[in-house]
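Spelled out, the chains give:
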Amino acid sequence: MTTTEHQVSNFNIANALTTLRIVLVPFFAWALLQDDGNSTMWRWIAFGIFAFAMVTDKIDGDLARKHNLITDFGKIADPIADKAITGMAFIGLSLVGDIWWWVTIIVLVREWSVTLLRLSVLKQVVIPAAWSGKVKTTLQGVALAGLLMPLPHGDAHGGTFDAWGSFGEVLFYTSQVLLFGAVVMTMWSGYEFFRAVWQQRRSTTG
């Protein structure tokens, strides 16, 4: 009797959570951009969707590894889901004036170039997750979450924006500092990734 490799169905809880994150992206964008980002209620809803996406990203990864639910679909869809929700957060926050456009452009170019390259060499080259990439992801998530909240800053006042008082302004500008750190780690981790791909390809062809 021959042993056949166990085939994992694409219809599993990990992939369902990944798909849900992708589906939530347009709803997240719609909530964030309500009233040009000045609606306190919709900013909280956008924050809630983003926080849910970040939590389920951790959960579906843990489930996939713990219960051997790793599939080709998940390998492709998971990074797309991550980049879609964070990318939309960068774009949306730039549209409402809370993040400079040059920051968003730099981050998106790096994120999607790395994602597309990773998917294109998925079967030939295996690049393990580096600590810099994990730090980058954490800084991005925390910074974006802070900036999505209706915090008082500049001309953004009224309702919940003012209710935060001076603490809210400190929290907003702390998120901006974390965002700067995220941009630095985004570029550094991207450099490390491209270097690792080049080294592995050179070793296999040399």
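Residues numbered from 1 in each chain as written. Predicted model: local features only at pLDDT ≥ 70, side-chain atom pairs only at ≥ 80, totals over all residues. Heavy atoms only, no water.

The subject of this paragraph is the layout of surface pockets. Here the second largest pocket defines a volume of roughly 270 Å³. Residue lining of the second largest pocket: Gly97, Asp98, Ile99, Trp100, Trp102, Val103, Phe172, Gln176, Leu179, Phe180, Val183 and Val184, and that is the complete set. Those elements that provide at least two residues to the lining of the second largest pocket are helix H4 (101–120) and helix H7 (165–205). Sorting elements by how many residues they give to the lining of the second largest pocket places H7 first, with 6 residues. Tallied by class, residues from the lining of the second largest pocket come to 9 nonpolar, 2 polar and 1 charged. (1 Å grid on protein atoms, 1.4 Å probe; cavity = no way out; pocket = protein on both sides within 12 Å on 5 of 7 lines; lining within 4 Å. Points joined across faces, edges and corners; volume = space filled by probe spheres on them. Helix = DSSP H or I, 4+ residues; strand = E, 2+ residues; numbered from the N terminus. Nonpolar A, V, L, I, M, F, W, Y, C, P; charged D, E, K, R; others polar.)

We now examine the packing of aromatic side chains. Counting across every chain of the model gives 7 aromatic pairs. Relative to Phe50, the ring of Phe28 has its centre 6.0 Å away and its plane inclined at 35 degrees; by these criteria the two rings are tilted. You can see Phe28 sitting in helix H1 (residues 13–32) and its partner Phe50 sitting in helix H2 (residues 40–66), a full 22 residues away along the chain. In this structure, Phe28 and Phe50 share a single accessibility class: buried. When the ring of Trp44 is compared with that of Phe47, the centres are 5.6 Å apart and the planes differ by 85 degrees; the resulting orientation is edge-to-face. You can see Trp44 and its partner Phe47 sitting in helix H2, 3 residues apart, about one turn around the helix. With a relative accessible area of 30%, Trp44 lands in the partly exposed category. Phe47 gets classed as partly exposed once you look at its relative accessible area, which sits at 22%. (Phe/Tyr/Trp six-rings, centres within 6.5 Å; stacked < 30°, edge-to-face > 60°. Buried < 20%, exposed > 50% of the residue type's maximum accessible area, 1.4 Å probe, protein only.)

Glancing now at empty space enclosed by the protein. Unoccupied space between atoms shows up once a probe the size of one water molecule is rolled over them. Counting across every chain of the model gives 1 cavity of 30 Å³ or more. When its volume is computed, the largest cavity comes out at roughly 40 Å³. Lining the largest cavity are Lys83, Thr86, Gly87, Phe90, Val107, Leu108, Glu111, Trp112 and Gln140. Its residues placed into classes, the lining of the largest cavity shows 4 nonpolar, 3 polar and 2 charged.

The next subject is the environment of Gly97. Within the fold, Gly97 resides in the loop between helix H3 (72–95) and H4. Looking at Gly97, the relative accessible area reads 58%, which means it is exposed. Note: C-alpha distance between Gly97 and Asp36 (61 residues apart in sequence) is 9.3 Å.

On to the side chain of Ser94, then. Secondary-structure assignment places Ser94 in helix H3. Judged by its relative accessible area of 5%, Ser94 is buried. In this structure the side chain of Ser94 is engaged in a polar contact, spanning 3.2 Å, whose partner is the backbone oxygen of Ile99. (Polar contact = N/O pair within 3.5 Å; in protein donor to acceptor, adjacent residues only side chain to side chain.)

Position of Gly48 among the secondary structure elements: in helix H2. Judged by relative accessible area, Gly48 falls into the partly exposed class, the value being 33%.

Proteins that are soluble and globular tend to have nonpolar side chains buried together. Among the nonpolar cores identified, the biggest contains 29 residues, and Phe28, Phe50, Leu93 and Ile99 are the most heavily contacted of them. A total of 6 residues in this core trace back to one element, the largest contributor, which is H1. Beyond its immediate chain neighbours, meaning those up to four positions away, Ile99 contacts Phe90, Leu93, Ser94, Thr104, Leu144, Leu147 and Leu179. (Core = buried A, V, L, I, M, F, W, Y, C linked by side-chain atoms within 4.5 Å. Contact = heavy atoms within 4.5 Å.)

Taking 1.5 Å of rise per residue, the 24 residues of H3 would be expected to cover 34 Å, and the 35 Å separating its terminal C-alpha atoms lies within 8% of that figure. Just downstream of H3 lies Gly97, where phi reads positive at about 90 degrees. (Expected span 1.5 Å × (residues − 1).)

Moving on, we get to the pattern of salt bridges. Counting across every chain of the model gives 6 salt bridges. Here Asp82 makes a salt bridge to Arg21, at a shortest N to O gap of 2.6 Å. You can see Asp82 sitting in helix H3 and its partner Arg21 sitting in helix H1, a full 61 residues away along the chain. Each member of the pair, Asp82 as well as Arg21, is classed as buried. Residue Arg43 pairs with Asp98 through a salt bridge whose shortest N-O separation is 2.9 Å. Pair noted here: Arg43 is in helix H2 and Asp98 is in the loop between H3 and H4, with a separation of 55 residues, a long-range link. We note that Arg43, like Asp98, is buried. Among the charged side chains, a network of salt bridges with common partners joins Arg21, Asp57, Asp78 and Asp82. (Salt bridge = Lys/Arg side-chain N within 4 Å of Asp/Glu carboxyl O.)

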